[in-house]
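Fold and contact review
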Amino acid sequence: MKTGIMISRFAKLGLLTGGICVAVAVATSASGVTRNARPIKVSSEQLQSMCTAGAAQQIASSLTGTKITVRAVGNGPFKAATSFVAANKEIPAFCQFTGTFVTNPKTGKTANFLATFPANWNGKYLQSGCGGHCGYFLPNNPANPYIRGVAERIIERGYAHFATDQGHEGMDMTSWAIRSDGTVDQDPINDWLIRADRVLVRAGKEMTVAFYAKASGTPRPIARSYFAGCSGGGREALVAASYFPEEFDGIIAGSAYNPIGLTYQSTGIELAKSRPNASLSPALLLNMDRLVKAQCDGLDGVKDGIIQNPAACNFNPERDLPKCADDKPGGQCFTKAQVETASVMLSAVTDERGNVVQPGYSVSELSAAFPLPGSGAAIQKAFVHRNDPAFSANSIYQLRAGGPGAITAFRSVVPSAEVRLARAALGTGTGHFPENADRLMRSRTKLLMWHNLSDEALSPYMSINYYKQLAARHGGYGKLQSKARLFLLPGTTHCSASGIAPNLLDGLGAMENWVEHGAAPDALRASVMDLQPYPGAAKAAALKYPNSTQLLCKFPEMARFSGRGDVKDAANWSCSPSDRRMLTIGETGRRAGVR
């Protein structure tokens, strides 16, 4: 299986001094923060004088915790160790610097970091996740021009910000974990799974307090601490919520990546597509999308081209796709093998007993990019089978229909023993196990989840199933919503990069209101934004309607149109606490494994 281009696409998608020795006491509560720190304003001249490698290293060397070295790094966003940007009409002056921090004192293993310190520090700390398997600073760089327009506007809001490459350089999914002799190096894998983020949050907080103590002459504790990320960063967010939620007051997890589930899903799809006359062309996918919309668009009461609950559809590829005469490919018809490939995409991966291993993809907005190619076989070989040269995906997977279990559609089937191996290898880096959220539920930390319902990379049903499991485990949606809330964005693609619907929500602002003012978000308002997650990314179709807005209700509610006014104006939609329409499951949702 060729993975070079596939890897880069998935990884790119990804939805940012002088010498006094400061003894930093960051933690004064269970979340590691205090409540009464005041903002600090630093003059542009002073910030610039502190934004040198020597000055930053002097501060880092005064710390008592993790060893930090300020230096230029190979995957940094600038060539030098530091970068000072003067204030302009849009943003305050800010200083960024890169370096390394020790993640494993026993081996000396390090990970790279990027720190951002604005002149108008608001007293808060924000740590951002990466994308894919990381190895770079793009969605986790708040100064990145391709994400500067996002609602969070991290620098303008005054956040001290930290991010890590998770212990390796480069966007490849697995090669960084393989030594030159072909053996697997567990140290960088542990950094990627959990360790780099876990170590950085303590080091980043300590460095933040010390940096602004130098600027003001008085150490001031951090007032609030947050984590946010999408895709691979969403995975990091759920891992933090599972294993160290106390480090943050709020965690925002967007379209979270489940490396175990996606490994099996992407490999099964690639195997299905590789059969004779089984691949789906962009034209066939668009034809399938038209058939889906004709059947499903009006289920929410409005025919506007946007499917609010794809799981409620009753689309069946075997029944609803036009078949080719004599099974010969051509035109807008589908061969038997192509119908089967569509079924593999839209159906859950199960084990041999019929248990759902990974839910299928959503039927919403099928397009030329659907689904994003993956590198599941490479991940299995490297991480699960320790780079065994005898590994063969063909010997593990079955493509078939029938039982046992509720899912009988043509699908990918993997042995339960293989799934157990994957969980043993990748479990600490997977945040989708509901039992691991018990620690979050006991903490003061809030969790805000969101997922794109037309996500072509990571099935939105991963987040929906996880949230449903949390509700079942913790006394229902009402009780769960005191700690965790889920919002779904119809008609938008992975990490809101594109789509036909409004794609921008202010998750950080909603979290600030929840944590700092006690105003839990019942609904969010999405608007249209050209996010451009990486150079050359496709423009969102919704940009044709730049003033369009959409109301997003907390799950399991679904927005209802008033019947009056413009359907593209959120003011004409409403949410109701008694609404449970997102729990409606049709034939499409059942075959996808939606709980």
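First, a word on what this report is: a plain description of the structure on this page. (Residues numbered from 1 in each chain as written. Predicted model: local features only at pLDDT ≥ 70, side-chain atom pairs only at ≥ 80, totals over all residues. Heavy atoms only, no water.)

As for the overall build of the protein chain
Of regular secondary structure, the protein chain possesses 17 helices and 20 strands. Counting the 595 residues in the protein chain, one finds 63% classified as buried. Carbon together with sulfur atoms contributes 52% to the accessible area of the protein chain, which is approximately 21100 Å² in total. Each charge class in the protein chain was averaged separately, 62 positive and 46 negative side chains, and the resulting centres sit 3 Å apart. (Helix = DSSP H or I, 4+ residues; strand = E, 2+ residues; numbered from the N terminus. Buried < 20%, exposed > 50% of the residue type's maximum accessible area, 1.4 Å probe, protein only. Areas by Shrake-Rupley, 256 points an atom, 1.4 Å probe, with all protein chains shown as cover. Lys, Arg positive; Asp, Glu negative; His and termini not counted. Charge placed at Lys NZ, Arg CZ, Asp CG, Glu CD.)

Some remarks on unusual backbone geometry
Following Gly 403, the chain continues to Pro 404 via a peptide bond in cis, the omega torsion being 0°. Note that Pro 404 resides in the loop between strand E13 (398-400) and strand E14 (411-413). Cis geometry is adopted by the peptide bond preceding Pro 556, which originates at Phe 555 and carries an omega value of 10°. Within the secondary structure, Pro 556 is located in the loop between strand E18 (549-553) and strand E19 (560-561). Positive phi is not limited to glycine here, since Arg 386 has a value of about 55°. In this fold, Arg 386 is placed in the loop between helix H11 (376-384) and E13.

Section: the packing of aromatic side chains
Across all of its chains, the model carries 22 aromatic pairs by this definition. Arranged with centres 6.2 Å apart and planes meeting at 55°, the rings of Tyr 264 and Tyr 397 form a pair that is tilted. With Tyr 264 in helix H7 (residues 259-273) and Tyr 397 in the loop between H11 and E13, this residue pair connects regions lying 133 residues apart in the sequence. Judged by relative accessible area, Tyr 264 falls into the buried class, the value being 0%. Its end group placed over the ring of Phe 248, Lys 205 keeps NZ or CZ at 5.9 Å from the ring centre. Note that Arg 485 overlies the ring of Trp 514, its terminal NZ or CZ placed 5.7 Å from the centroid. (Phe/Tyr/Trp six-rings, centres within 6.5 Å; stacked < 30°, edge-to-face > 60°. Lys NZ or Arg CZ within 6 Å of the ring centre and 35° of its normal.)

Observations concerning the state of the cysteines
By the definition in use, this model includes six disulfides. Cys 51 shares a disulfide with Cys 95; S-S distance 2.2 Å. The sign of the S-S torsion, about 90°, decides the handedness of the disulfide formed by Cys 51 and Cys 95: right-handed. Placement of Cys 51 in the loop between helix H2 (44-50) and helix H3 (53-61) and of Cys 95 in strand E4 (residues 94-104) is noted, with a sequence separation of 44 residues between them. The exposure class of Cys 95 is buried, given its relative accessible area of 0%. Shown here is the disulfide that connects Cys 553 with Cys 575, its sulfur atoms set 2.0 Å apart. Between Cys 553 and Cys 575, the disulfide has an S-S torsion of -90° and is therefore left-handed. Taken together, the residues Cys 553 in strand E18 and Cys 575 in the loop between strand E20 (573-574) and helix H17 (587-591) connect sequence positions 22 residues apart. Under the relative-accessibility criterion, Cys 553 is labelled buried at 7%. (Disulfide = S-S within 2.5 Å.)

Some points on the pattern of salt bridges
Taken as a whole, this structure holds 29 salt bridges when the rule is applied. The partner of Arg 202 in a salt bridge is Glu 247, and the shortest N-O contact between them spans 2.2 Å. Here the residue Arg 202 occupies a position in helix H5 (residues 186-216), and Glu 247 occupies one in the loop between helix H6 (232-243) and strand E10 (250-254), the gap between them amounting to 45 residues. Here Glu 247 falls in the buried class, since its relative accessible area comes to 9%. Two residues, Lys 205 and Glu 247, come together in a salt bridge whose shortest N-O distance is 3.1 Å. Here Glu 247 lies in the loop between H6 and E10 and Lys 205 lies in helix H5, a separation of 42 residues in the sequence. Classification of Lys 205 as buried rests on a relative accessible area of 2%. (Salt bridge = Lys/Arg side-chain N within 4 Å of Asp/Glu carboxyl O.)

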